[in-house]
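Tertiary structure, described
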Amino acid sequence: MGRLSRRAFAMAALSTLATTGSAAADTGYASRPAGRPRAVTEMRGVWLATVANRDWPSRPGLTPAQQRTELIAHLDTAVRDRLNTVMFQVRPTADALWPSPYEPWSQYLTGTQGVAPGWDPLKTAVEEAHVRGLQLHAWFNPYRIANNTDLTKLVASHPARKHPDWVVAYGGKLYYNPGLPQVRAFVEDAILDAVEKYPVDGVHFDDYFYPYPVAGQTFDDDAAYDKYGGGFADRAAWRRDNIDKLIRETAARIEQIRPGTRFGISPFGVWRNIATDPRGSDTRAGVQTYDDLCADTRKWVRENWIDYIVPQLYWNIGFAAADYAKLLPWWAEVARGTKTRLYAGEALYKAGDPAQPAAWQDPAELSRHLTLAAMYPQFGGHVFFAARDVAVDPVGAMARVVADHYQQPAKAPR
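Bear in mind that the values here come from a model prediction, so they are computed numbers and not experimental data. (Residues numbered from 1 in each chain as written. Predicted model: local features only at pLDDT ≥ 70, side-chain atom pairs only at ≥ 80, totals over all residues. Heavy atoms only, no water.)

**Thoughts on the overall build of the protein**
For the protein, the count of helices and strands is 14 helices and 11 strands. Taking 22 Å as the expected radius of gyration for a compact globule of 414 residues, we find that the protein reaches 21 Å, a close match to that expectation. With respect to the principal axes defined by its C-alpha atoms, the protein has extents near 65 × 55 × 45 Å. Considering the protein as a whole, with its 414 residues, one finds that 56% of them fall into the buried category. Once local pairs closer than 6 in sequence are excluded, the contacts in the protein between residues at least 24 apart make up 73%. With the model as given, the accessible surface of the protein reaches about 16500 Å², and the carbon-plus-sulfur share is 52%. (Helix = DSSP H or I, 4+ residues; strand = E, 2+ residues; numbered from the N terminus. Rg over C-alpha atoms; globule rule 2.2 N^0.38 Å. Buried < 20%, exposed > 50% of the residue type's maximum accessible area, 1.4 Å probe, protein only. Contact = heavy atoms within 4.5 Å. Areas by Shrake-Rupley, 256 points an atom, 1.4 Å probe, with all protein chains shown as cover.)

In structure tokens:
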């Protein structure tokens with residue numbers, strides 16, 4: 001089917017869904033010959049965020065039994081909605097939700113960094129997810145240390161306090177400096193410890209590499225650039241190479257330690273705008289991952305460095321600066337012919353939020369996303385942000401997705 005006819009077909013399908021509410025556009029069952037339905041394999045994921053107690057635990061200081069009950073409730077909700085994969089954030093701020101020899105226990109468990117919670121959340125999450133037929137991808141934030149700039153607020157044993165030369169303060173937060181080889185080695189060691197200890201189905205990074213730009217501030221990596229930046233055209237090229245090394249090395253070490261474990265990344269949804277680069281998307285986004293976060297996400301897909309990518313397509317259909325309907329074909333073309341699986345990151349958290357555009361007040365907006373994405377065979381599923389919103393579902397947007405698209409269960413990709 002040609003590009004124009006596919007687009008026309010997609011619009012017609014959207015119109016039908018919007019006016020009838022029919023579940024006939026179920027993405028779980030493509031056209032098939034008469035007879036027994038084929039088994040469906042697609043990503044149906046949810047992010048379970050722990051930073052600042054976003055999704056879990058509901059607050060720090062709960063008892064182990066209370067924390068466990070809340071965690072299992074999120075897994076049960078995923079099963080209820082016929083999801084099959086949970087991205088569980090286990091290293092939100094250079095800390096750990098498992099007994100790590102590298103980093104302290106997360107403050108989001110007990111309220112005090114470094115204090116053991118009395119149980120092992122990652123171990124339990126893996127075991128309980130697998131009992132329920134869910135995949136569990138361990139989600140790590142590589143460089144964020146703290147959401148403040150006071151090193152003394154970190155537990156005395158924290159690696160950032162032992163190595164203050166590894167740390168850069170920027171935008172009111174503390175980060176490890178990606179330009180230091182010793183930082184990269186440490187971050188990889190800390191992440192791979194979890195992969196060695198637990199049979200996780202995947203390793204997952206989000207969109208934070210070099211930090212999002214803050215007006216009027218400079219990320220001070222002058223010393224590292226002076227020492228290691230020789231041979232690069234400019235600082236931006238050197239920074240991108242630093243992140244490239246993290247991706248390639250992490251992928252290789254995962255394969256060495258636990259073969260078959262998938263490595264995926266969920267970047268900000270715009271690589272570059274077309275006005276910046278003719279290869280870019282037809283967008284006018286204020287952030288471009290290549291330029292601002294020094295993350296060449298397109299390259300990682302094209303070079304098959306990662307197993308899957310989940311661009312955060314957190315905009316509604318028709319949004320002027322970054323139209324969901326325009327980003328779908330762009331990402332589909334990037335993934336075409338590669339071995340990298342492509343899934344769409346969905347902004348469930350925007351549904352019903354009065355601060356969001358009018359499109360998000362319609363419970364059917366996300367369902368239309370799935371209908372439209374089904375027109376592009378490169379897209380193999382969706383991941384929803386985030387678990388609390390799946391559970392609460394204030395305007396019924398997730399229930400609409402389930403009714404329209406998830407009537408039948410689906411196997412998680414492997």
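**Examining the environment of R336**
The topology assignment puts R336 in the loop between α11 (324-335) and β10 (341-346). You can call R336 partly exposed: its relative accessible area is 35%. Separated by 254 residues in the primary sequence, R336 and R82 place their C-alpha atoms 28 Å from one another.

**Concerning the sheet that holds strand β9 (residues 308-309)**
The strand order around the closed barrel built from eight strands is β1-β2-β3-β7-β8-β9-β10-β11, with neighbouring strands paired in parallel fashion. Note that strand β3 (residues 135-140) and strand β7 (residues 202-205) share four bridges and pair parallel. In the strand pairing of β7, H137 is matched with G202. Against the sheet, helix α6 (residues 181-197) engages β2 (85-91), β3 and β7, with an angle of about 130° to β2. (Pairing = 2+ DSSP bridges. Axes fitted to C-alpha atoms, helices over the stretch in contact; angles between N-to-C directions.)

**Some words on α11**
Look at α11: 17 Å from first C-alpha to last across 12 residues, which is about the 16 Å you get at 1.5 Å a residue. The element α11 is largely enclosed, with a buried count of 10 among its 12 residues. Those residues of α11 that sit buried are Y324, A325, L327, L328, P329, W330, W331, A332, V334 and A335. Residue G337 follows α11 closely and has a positive phi angle near 80°. (Expected span 1.5 Å × (residues − 1).)

**Remarks on the layout of surface pockets**
Volume-wise, the second largest pocket comes out at about 340 Å³. Around the second largest pocket, the lining is made up of 17 residues, and of these W139, D207, Y208, Q312 and F385 lie nearest the centre. Residues of the lining of the second largest pocket, tallied by class, amount to eight nonpolar, four polar and five charged. (1 Å grid on protein atoms, 1.4 Å probe; cavity = no way out; pocket = protein on both sides within 12 Å on 5 of 7 lines; lining within 4 Å. Points joined across faces, edges and corners; volume = space filled by probe spheres on them. Nonpolar A, V, L, I, M, F, W, Y, C, P; charged D, E, K, R; others polar.)

**Some points on the packing of helix α2 (residues 64-80) against helix α4 (residues 121-131)**
Between two packed helices, what matters for the description is the angle formed by their axes and the separation of those axes. Viewed as axis vectors pointing N to C, α2 and α4 meet at an angle of 35°, and their least axial separation amounts to 10 Å. Relative to α4, the crossing made by α2 is right-handed. Note on element contacts: α4 touches α2 through P121, T124, A125, E128 and A129, opposite R68, L71, I72 and L75. Of the residues contributing to the contact of α2 with α4, the split by class is six nonpolar, one polar and two charged. (Left-handed = near helix turned anticlockwise from the far one by under 90°.)

**A few points about the nonpolar core**
Counting residues in each nonpolar core, the largest one holds 120 residues, and the members touching the most others are F88, L122, Y176, F205, I247 and F384. Of all the elements, α11 adds the most residues to this core, at nine residues. Excluding anything up to four places from it in sequence, I247 contacts F205, F209, F263, I265, W300, W305 and I306. (Core = buried A, V, L, I, M, F, W, Y, C linked by side-chain atoms within 4.5 Å.)

**Quick look at the sheet that holds strand β4 (residues 144-146)**
Adjacent strands of a sheet pair through backbone hydrogen bonds, lying either parallel or antiparallel. Spatially, three strands are ordered β4-β6-β5 in an open sheet, and the strand pairing comes out antiparallel. The strands lining the two open edges of the sheet, one partner per strand, are β4 and β5 (167-170). If you compare each strand with its neighbour and ignore which way they point, the axes differ by 35° on average. Two strands pair when backbone bridges link them, and β4 and strand β6 (residues 173-176) are joined in this way by two bridges, in the antiparallel orientation. Residue pairing for β6: A146 is matched across the bridge by L174.

**Describing the side chain of D55**
With respect to the helices and strands, the residue D55 is situated in the loop between β1 (43-48) and α2. Within the structure, the side chain of D55 is placed 2.7 Å from the side chain of R54, a separation counted as a polar contact. The residues contacting D55, other than those within four sequence positions of it, are W47, L48, A49, H74, A386, A387 and R388. (Polar contact = N/O pair within 3.5 Å; in protein donor to acceptor, adjacent residues only side chain to side chain.)

**Brief notes about α4**
Taken together, the buried positions of α4 are occupied by P121, L122, T124, A125, V126, E128 and A129. Along its buried surface, α4 packs onto α2, β2, α3 (107-110), β3 and α6. Between the side-chain oxygen of the N-cap and the backbone nitrogen of L122 there are 3.3 Å, and the N-cap of α4 in question is D120. With its phi angle positive at about 80°, G133 sits one or two positions after the end of α4.

**A look at the packing of aromatic side chains**
To describe a pair of aromatic rings, you give the distance between the ring centres and the angle between the ring planes. The tally for this structure, following the rule as stated, stands at 26 aromatic pairs. Between W98 and F140, the aromatic rings sit 6.1 Å apart at their centres with planes inclined by 85°, giving edge-to-face as the arrangement. Pair noted here: W98 is in the loop between β2 and α3 and F140 is in strand β3, with a separation of 42 residues, a long-range link. Note on W98: relative accessible area 0%, which makes it buried. Overall, F140 belongs to the buried group, its relative accessible area being 0%. Consider the rings of F268 and W315, whose centres lie 5.4 Å apart with planes at 85°: the pair is edge-to-face. Note that F268 is positioned in the loop between β8 (262-265) and α9 (289-293) and W315 in the loop between β9 and α11, a separation of 47 residues in sequence. Per residue, the accessibility class of F268 equals that of W315, and both read buried. (Phe/Tyr/Trp six-rings, centres within 6.5 Å; stacked < 30°, edge-to-face > 60°.)

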